[in-house]
Amino acid sequence: MPSFLTVRDLACGYQSRVLADLNFEIEQGDHIGIIGPNASGKTTLLKTLCGLLKPQTGQVCLEEMSIHKLNSAARARRVAMVSQEVRIDFAFKAHEVVMMGRHPYVPRMGSPSPHDREQVQWAMEVTGILHLADRLVNTLSGGERQRVLIARALAQEPDLLLLDEPTSSLDINHQIEILDLIKELNRQKGIAIIMAIHDLNLAALYCDRLMLIHQNRVFAWGTVEEVVNLDNIRAVYGQSIMIERHPVYGCPQVVLLSRLSPESGR
Amino acid sequence: MIKIEYCKRQAVWLLLAVLLIMIILAVAIGSIYISPLQVMKILLFQLPGVGGQIVPNWPESYETIITLFRLPRVILALVVGSALALAGAIFQGLFKNPMADPHIIGASAGAGLGATLAISLGLSLDWSGLGAVPLLAALGAFLTVILVYNLARTGGTVPIPNLLLAGVALSSFLSAMISLLIYFSQDQMHTIVFWLMGGLSGRTWGYVLFTLPYLLVGTCVAIYYARDLNLMLLGEDSAHNLGVEVERVKAILLIVASILTGAAVAASGMIGFVGLIVPHVARILVGPDHRILVPVSILAGAILLLGADILARTILAPVELPLGVVTALFGAPFFIFLLRRYRGPLF
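The residue count restarts for each chain, going from 1 along the sequence in the order it is written. Chains and ligands are labelled by the order in which they are written, letters from A for the one and numbers from 1 for the other. For a predicted model such as this one, the threshold for reporting local features is a pLDDT of at least 70, and the threshold for listing and counting side-chain atom pairs is 80 or more; totals across whole chains, interfaces and linings nevertheless cover every residue. Where side-chain values are given, they derive from all heavy atoms of the structure, hydrogens and water being excluded.

Examining the layout of surface pockets
Empty space among the atoms becomes visible once a probe the size of a water molecule is rolled across them.
Alright, step 1. Only protein atoms enter the calculation, which uses a 1 Å grid: trapped sets of points that fit a 1.4 Å probe without letting it out are cavities, open sets showing protein on both sides within 12 Å along at least five of seven lines are pockets, and any residue with an atom within 4 Å of a point is a lining residue. Grid points are joined across faces, edges and corners, and a volume is the space filled by probe spheres set on the points. Of the volumes computed, that of the second largest pocket is approximately 950 Å³.
Alright, step 2. Contributing to the lining of the second largest pocket are 28 residues, with Leu52(A), Leu53(A), Gly156(B), Thr157(B) and Glu247(B) lying nearest its centre.
Alright, step 3. Helix and strand labels come from DSSP, where a helix needs a run of H or I of at least four residues and a strand needs a run of E of at least two; each type is numbered from the N terminus. Of all elements in the fold, only helix 2 (72–76) of chain A together with helix 10 (236–241) and helix 11 (246–268) of chain B reach the threshold of two or more residues within the lining of the second largest pocket.

Re the packing of aromatic side chains
Alright, step 1. Stacked, edge-to-face and tilted are the three classes for Phe, Tyr and Trp ring pairs, Trp counted by its six-membered ring, which pair at centre distances within 6.5 Å; planes under 30 degrees apart are stacked, over 60 edge-to-face, the rest tilted. Overall, the coordinates contain six aromatic pairs over all chains when judged by the stated rule.
Alright, step 2. On the numbers, 5.3 Å between centres and 80° between planes, the contact of Tyr183(B) with Phe184(B) is edge-to-face. Side by side, Tyr183(B) and Phe184(B) carry an identical accessibility label, which is exposed.
Alright, step 3. Between the aromatic rings of Phe210(B) and Tyr214(B), the centroid separation amounts to 5.8 Å while the plane-to-plane angle is 75°, which identifies the pairing as edge-to-face. Pair noted here: Phe210(B) and Tyr214(B) are both in helix 8 (residues 205–224), with a separation of four residues, about one helical turn.
Alright, step 4. Comment: the charge-over-ring label is applied if NZ (Lys) or CZ (Arg) is within 6 Å of the ring centre and within 35 degrees of the ring normal. Over the ring of Tyr105(A) we find Arg102(A), and its NZ or CZ is 4.0 Å from the ring centre. Think of it in three bands: residues with accessible area under 20% of the maximum for their type are buried, residues over 50% are exposed, and the middle band is partly exposed, with areas taken using a 1.4 Å probe on protein chains only.

Details of the nonpolar core
Alright, step 1. Grouped together as the largest cluster of nonpolar side chains are 169 residues, with contacts concentrated most on Val98(A), Leu161(A), Phe95(B) and Leu163(B).
Alright, step 2. Of all the elements, helix 3 (residues 60–95) of chain B adds the most residues to this core, at 18 residues.
Alright, step 3. Sequence-distant contacts of Leu163(B), that is, excluding residues within four places in its chain, are made with Phe95(B), Ile105(B), Val148(B), Tyr149(B), Ala152(B), Val158(B) and Leu254(B).
Alright, step 4. Here, nonpolar core means buried Ala, Val, Leu, Ile, Met, Phe, Trp, Tyr and Cys residues that are tied together by side-chain atoms lying within 4.5 Å of each other. Counting 28 residues, the second-largest nonpolar core is a separate cluster that includes Val7(A), Val18(A), Leu162(A) and Ile213(A). Whether two residues touch is decided by their heavy atoms; if any such pair falls within 4.5 Å, the residues are in contact.

Considerations on empty space enclosed by the protein
Alright, step 1. By the definition in use, this model includes three cavities of 30 Å³ or more.
Alright, step 2. If you add up the space inside the second largest cavity, you get close to 60 Å³.
Alright, step 3. What lines the second largest cavity is a set of 11 residues, and nearest its centre among them are Met81(A), Val82(A), Leu149(A), Arg152(A) and Ser238(B).
Alright, step 4. Elements represented by at least two residues in the lining of the second largest cavity include exactly strand 6 (79–82) and helix 5 (142–155) of chain A together with helix 10 of chain B.
Alright, step 5. Residues that form the lining of the second largest cavity fall into these classes: six nonpolar, four polar and one charged. For this scheme, ten residues count as nonpolar: Ala, Val, Leu, Ile, Met, Phe, Trp, Tyr, Cys and Pro. Four count as charged, namely Asp, Glu, Lys and Arg, and the remainder, Gly too, count as polar.

Focus: the interface of chain A and chain B
Alright, step 1. On the side of chain B, 26 residues touch chain A, which itself brings 34 residues to the contact.
Alright, step 2. Taken together, the two surfaces of chain A and chain B that pack against each other cover about 2,600 Å², and 58% of this comes from carbon and sulfur.
Alright, step 3. Accessible area that two parts lose when put together, with a 1.4 Å probe and added across both, is what the buried area reports. When residues of chain A are sorted by the area they lose upon contact with chain B, Phe90(A), His103(A) and Arg108(A) head the list and together hold 28% of the total.
Alright, step 4. Any carboxyl oxygen of Asp or Glu within 4 Å of a side-chain nitrogen of Lys or Arg constitutes a salt bridge here. At the surface where chain A touches chain B, the tally comes to two salt bridges.
Alright, step 5. Element by element, the count of residues in the side of chain A that touches chain B is highest for helix 2 of chain A, at four residues.
Alright, step 6. Grouping the amino acids of the side of chain A that touches chain B by side-chain chemistry returns 17 nonpolar, nine polar and eight charged.

On their own, these measurements won't tell you what the molecule is for.
So, in structure tokens, the structure goes:
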């Protein structure tokens, strides 16, 4: 039985190489977090996994089929991606944007079937945006727009959902809302999630497994406990860090220390 | 939600009705006035099947005036207006840029250079009723777009900013060449400048037959890819993730829009402003969805250019004003009026 997603000898990037020697496997229903400093290649990896960037070497296989060889509609029916900071300047209504997620299903020149409409309805229901259906997306707040874009990805009925910094431009209350929503989709629908997230504490709180990227390589890959420990985090992010336990969930959490001496700094 | 869809469909019917009335008026108005009722009768008389029902009670010269002179000009105005508006809508959608118009990536400058060359060298060609000027103009537009597209290409993709910059740079280069040619061909200076200002006087059915196929094909392609264009408005990467073959769609639509521009410029010279403002007006009317925006732009472009041509023929009759001058002279204030009235984000 092949793994759900297999990455073999992958090297990816633009003109220059950003990441190399990637080898990992992901099972159906996994919730993976990709962490690492800015510009470490988190987005590049996601763009390669969703088929947007061609790998320089190696391959990404979804149940034995190379993602980069699938035709675009077939790929879009299995893999959905929510990019970071999609600006929408155009006056589409929220429900029209969610319906765009049905593009790989609705035949050209055809109109959406009842099933397409049901899927859109469902996607808007689980993301809690039914009340926004007739609002113009360019008038929505950041959190609302993020929900619309997640609903659009869900309307694709993906087995694999990729998210690039789904919370980076949101207030903390909206961050929790969005991550709870993603977790629910992962648990209840069995959708495999891979998300790039720079906030280590949120990553440790929500993900089953983490991949820490540093200096063009996978620096650490495993359970939250295996990745978020003092050695790894200090090696990648520097010394001014402590690891504590989350008072409620017990998972590791990063606490920051000022580099000034306690007397002069505070 | 259903109500609004209904309103949008109504807009198409309304525009169609306006267009029909404009066509009859445009055929009626001229140095010899023919009443609209008679125009309708004469037009219907030409139709096979219906024509037998109508007893001709008009001077035969009217029929000649209408079928040989006024009708081809009116139809050409529709076709050129639609082609420019459609090209503008496609470019604005592809480039996600409200300033984009059919002239933006150099197709018109290429057409202009082709026409200028044909006039200043006194070339004579004949191909199904078309002279050297429209033929070289079409060729110039086509070659320019191929060049711009290849200049903008990096690796497997054609990034939009590259395309815009290559287009603008090549356009200025070609415009300079046009100026140089005008400077050195004193004898034909008047002819060239007159052609560049744009107009439809003396255009025959040959021009209609030359441009109409491009408009028909262009319309079909634009409607076929309307949904992809909608998705690409929200970003090329996200369109890719939704299953759009972005680079292929971009190449096809670019070529279609450029050929539309080239054909329009070849038939009528440089007519500015239609391709810029019509898609904006259409967006104010029916929103950004290209499935409705494309047909509405096509109809509105036809109406606008036909109206401008009526004005160009009548304001200072019997002297005709250059059509390109009229579109900008009346189009610009109209557009500014719309901008002031409409308070939402336009694009």
